[in-house]
Amino acid sequence: MFAIAESAVTAVLSSCWLLLSLAMYMESYDLDPSAPGQPRGQEQLAWLAIGAFASIGLTWLLRISRKPAVRLTGDGLIALRLLVVVVVTGFLTVDLLDG
């Protein structure tokens with residue numbers, strides 16, 4: 001049950017990251033590159049979101065294995081991914097609120 005909930009949380013938060021990346025790109029599209037307040041890092045954020053989506057599929061492939069060691073590794077990676085996703089989302093939230 002934990003893996004399903006974690007995958008849902010990761011998918012939702014990764015979608016938010018992707019939308020934030022798109023918003024940052026759209027905001028900076030017409031600005032002069034030397035303009036103050038130019039948003040940067042949207043490409044890295046988009047790749048991070050895509051990587052999180054891809055990791056969901058990878059960990060589910062590990063979970064369907066019949067070997068207990070592989071399943072245990074998959075469970076550990078799922079817990080680690082949840083921690084990383086929550087921490088990155090926290091940093092992004094603080095950065096957005098800080099301006």
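Residues numbered from 1 in each chain as written. Predicted model: local features only at pLDDT ≥ 70, side-chain atom pairs only at ≥ 80, totals over all residues. Heavy atoms only, no water.

**Details of the environment of L96**
Threshold: For helices the rule is a DSSP run of H or I covering at least 4 residues; for strands it is a run of E covering at least 2, with both sets numbered from the N terminus onward. Each residue is assigned to one of three classes by its accessible area relative to the maximum for its type, calculated with a 1.4 Å probe on protein chains only: buried under 20%, partly exposed between the two thresholds, exposed over 50%.
You can see L96 is positioned in helix α3 (residues 68–98). Of the residues examined, L96 reaches a relative accessible area of 55% and is grouped as exposed. C-alpha separation for the pair L96 and L20, spaced 76 residues apart in sequence, amounts to 10.0 Å.

**Observations concerning the nonpolar core**
Rule in force here: Nonpolar cores were defined as sets of buried Ala, Val, Leu, Ile, Met, Phe, Trp, Tyr and Cys residues, with membership established by side-chain atoms within 4.5 Å. By the convention used here, residues are in contact when the closest approach between their heavy atoms is within 4.5 Å.
L13, W17, L20, M24, L45, A49, A52, V85 and L92 form the largest nonpolar core, which has 9 residues in total. For this core, the elements supplying multiple residues, two or more each, are α1 (2–29), α2 (42–63) and α3. At 4 residues, the largest contribution of residues to this core is made by α1. Those residues within four positions of A52 in sequence are excluded, and the remaining contacts are T10, S14, W17 and R81.

**Describing α2**
Inclusion rule: Given a helix with a known number of residues, its expected span is that number minus one, times 1.5 Å. This arc is taken over the directions from the axis of the helix to the C-beta atoms.
For α2, with 22 residues, the first-to-last C-alpha span of 32 Å sits near the 32 Å given by 1.5 Å per residue. Of the positions making up α2, those classed as buried are Q42, L45, A46, A49, A52, I56, T59 and R63. Seen from one end, α2 has its buried residues packed into an arc of 155°, which puts them on one side. Along α2, exposed side chains directed more than 90 degrees from the buried face belong to E43, Q44, W47 and L61.

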